[in-house]
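Reading the structure
Next come the chains, spelled out residue by residue.
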Amino acid sequence: MAVLPMSLVQPLALPIVPSANKSWMKSVLRAAGIYNMAWGIWAVAFPGAMFSLAGLAAPNYPELWQCIGMIVGVYGVAYWIAGRDPVRHWPVVLAGLLGKILGPIGFVQAAVQGRLPWKFGVVNITNDLIWWLPFSMILWAAYKTDLGRRITTSPDIQRMSLRAKSQFGVSLVEMSQESPVMLVFLRHFGCTFCREALADLAEQRKEIAETGTQLAIVHMGNEEQAAEFFALYGIDDVPRISDPKCALYRAFGLSRGSARALFGPKVWWRGMRAGVVDGHGVGGQVGDGFQMPGVFLIFHGEVLRTFRHDSAADRPDYVALTMPQPIV
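Residues numbered from 1 in each chain as written. Predicted model: local features only at pLDDT ≥ 70, side-chain atom pairs only at ≥ 80, totals over all residues. Heavy atoms only, no water.

1. Quick notes on the overall build of the protein chain
Looking only at helices and strands, the protein chain has 15 helices and 5 strands in total. A buried classification covers 46% of the 328 residues belonging to the protein chain. Taking the contacts inside the protein chain whose residues are at least 6 apart along the sequence as the reference set, 75% of them involve residues at least 24 apart. For the protein chain, the exposed area adds up to about 17,000 Å²; of that, 65% sits on carbon and sulfur atoms. (Helix = DSSP H or I, 4+ residues; strand = E, 2+ residues; numbered from the N terminus. Buried < 20%, exposed > 50% of the residue type's maximum accessible area, 1.4 Å probe, protein only. Contact = heavy atoms within 4.5 Å. Areas by Shrake-Rupley, 256 points an atom, 1.4 Å probe, with all protein chains shown as cover.)

Here it is, written out as structure tokens:
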């Protein structure tokens, strides 16, 4: 029986690669932070400037407008900090979006009643309206990330899914009782990245085994197709599970990819290299062409480590996933 290295028995920081690309979210929140801080400083330093531009009399109590400027500026600090991890700090984004929705509503009500001129509402464009869409998209990404995480960490779903058996009649949970199992979910057989992944697994198979970890592969073809296809890479003896309905994919929180994840610039560039330069080629589609892949390290029925593809072109280092990770 293979022995799990003691370094893997320790609690692990599970690196989860979200399906959402966070770079644009960070840019949005950083921009919102800079804008809010600048606007807040302007309002505090020159409390009558906005009223003068709108042709209104300066307020009798400029301190009230300065308080508003201070609040806006403080939100700017919050946006800047939230930009470090937009999905994690979604409550800041939600609070900001609610303010950016309620602010224009309050202005329209005041303008309709004649208490404020309509031209005063120009401030709502830059303060509020232009942020509605990007803030909403960040919240949607946070929702999808949380949903996938809850699905993946559901003990009941995982226990049921691990009953799935390989072509040898051994279930995943039984395999994981003997040694760590690296469970690799493939894309469809015609995908050049699926072919590249099988070539990588064949090349790294010995190193993976030396860590005390055994391989298991989930695919969307039938057993006859898989036996023929895997034999091309010399890994037809590796335990494999046929999942044409993608039930196991869903149980592990692997969703269908977005347009960017499947057809983005990185996919085209890497696809040309993997398919043409490296000679992996392409073939007829066998399975859901939109299904995203992933890798999970399992031991005693528990998921120890996770790699979720942000793009179909991502190329995991399978050996590295079996190595000890620093505890954060």
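2. Description of the environment of Val-286
Turning to its location among the elements, Val-286 is positioned in the loop between helix H14 (265–277) and strand E4 (294–299). For the pair Val-286 and Gln-225, spaced 61 residues apart in sequence, the C-alpha to C-alpha distance is 8.8 Å. What Val-286 contacts, discounting residues up to four positions off in sequence, is His-188, Phe-189, Gly-190, Met-220, Gly-221 and Gln-225.

3. Quick notes on the pairing of strand E5 (residues 302–308)
For E5, a buried count of 6 out of 7 residues is recorded, marking the element as mostly surrounded by other parts of the structure. Counted between consecutive antiparallel strands, the loop separating E4 from E5 contains 2 residues, among which His-300 sits at a positive phi close to 50°. (Pairing = 2+ DSSP bridges.)

4. Section: the sheet that holds strand E2 (residues 214–219)
Taken together, the 5 strands give an open sheet; going across it, the order is E3-E2-E1-E4-E5, and neighbouring strands pair in mixed fashion. This sheet does not close on itself; its edge strands, each paired only once, are strand E3 (240–242) and E5. The mean angle between the axes of side-by-side strands here comes to 20°, regardless of whether they run parallel or antiparallel. Across 6 bridges, the pairing between E4 and E5 is antiparallel. Note that in E5 the partner of Phe-299 across the bridge is Glu-302. Of the strands in this sheet, strand E1 (181–185) and E2 touch helix H10 (residues 192–210), which is tilted by about 160° from E2. (Axes fitted to C-alpha atoms, helices over the stretch in contact; angles between N-to-C directions.)

5. Structural notes on the confidence of the model for the protein chain
With 88% of its residues at a pLDDT of at least 70, the protein chain reaches an overall mean of 85. Here residues 1–20 scores under 50 on pLDDT; set against residues more than four positions off or in separate chains, the count is 41 contacts. (pLDDT = per-residue confidence, 0-100.)

6. Quick notes on unusual backbone geometry
Its identity as a non-glycine residue notwithstanding, Cys-246 has a phi of 60°, on the positive side. Checked against the element boundaries, Cys-246 lands in the loop between E3 and helix H12 (247–251). In this model, His-300 sits at a positive phi of 50°, which is unusual for a non-glycine residue.

7. Some thoughts on the side chain of Asp-243
If you trace the backbone, Asp-243 turns up in the loop between E3 and H12. Buried charge without a salt bridge: Asp-243, with Arg-250 as the nearest opposite-charge side chain at an N-O distance of 6.7 Å. Here Tyr-249 takes part through its backbone nitrogen, which lies 3.3 Å from a polar atom of the side chain of Asp-243. Those residues in contact with Asp-243 that sit more than four places away from it in its chain are Val-218, His-219, Met-220, Gly-221, Leu-248 and Tyr-249. (Lys, Arg positive; Asp, Glu negative; His and termini not counted. Salt bridge = Lys/Arg side-chain N within 4 Å of Asp/Glu carboxyl O. Polar contact = N/O pair within 3.5 Å; in protein donor to acceptor, adjacent residues only side chain to side chain.)

8. Focus: the pattern of salt bridges
In total, this model carries 8 salt bridges according to the counting rule given. In this structure, Glu-196 and Arg-270 form a salt bridge, with 2.7 Å as the shortest nitrogen-oxygen distance. Of the two residues, Glu-196 is situated in helix H10 and Arg-270 in helix H14; the sequence distance between them amounts to 74 residues. Note on Glu-196: relative accessible area 2%, which makes it buried. For Arg-270, a relative accessible area of 13% corresponds to the buried category. One salt bridge in this structure joins Asp-288 and Arg-256, with 2.8 Å as the shortest N-O distance. Highlighted residues: Asp-288 in the loop between H14 and E4 and Arg-256 in the loop between H12 and helix H13 (259–263), separated in sequence by 32 residues. The exposure class of Asp-288 is partly exposed, given its relative accessible area of 22%. Taken together, the shared-partner salt bridges connect Glu-196, Asp-200, Arg-270 and Arg-315 into one network.

9. Some words on the nonpolar core
Counting 32 residues, the largest nonpolar core has Met-182, Leu-186 and Phe-230 as the members making the most contacts within it. Broken down by secondary-structure element, the contributors of at least two residues to this core are E1, H10, E2, helix H11 (223–231), H13, H14, E4 and helix H15 (318–322). Of the residues forming this core, the biggest block, 6 residues, is contributed by H10. Leave out the neighbours within four places in its chain, and Leu-186 touches Cys-194, Ala-197, Leu-198, Ile-217, Val-218, His-219, Met-220, Phe-230, Tyr-249 and Pro-293. (Core = buried A, V, L, I, M, F, W, Y, C linked by side-chain atoms within 4.5 Å.)

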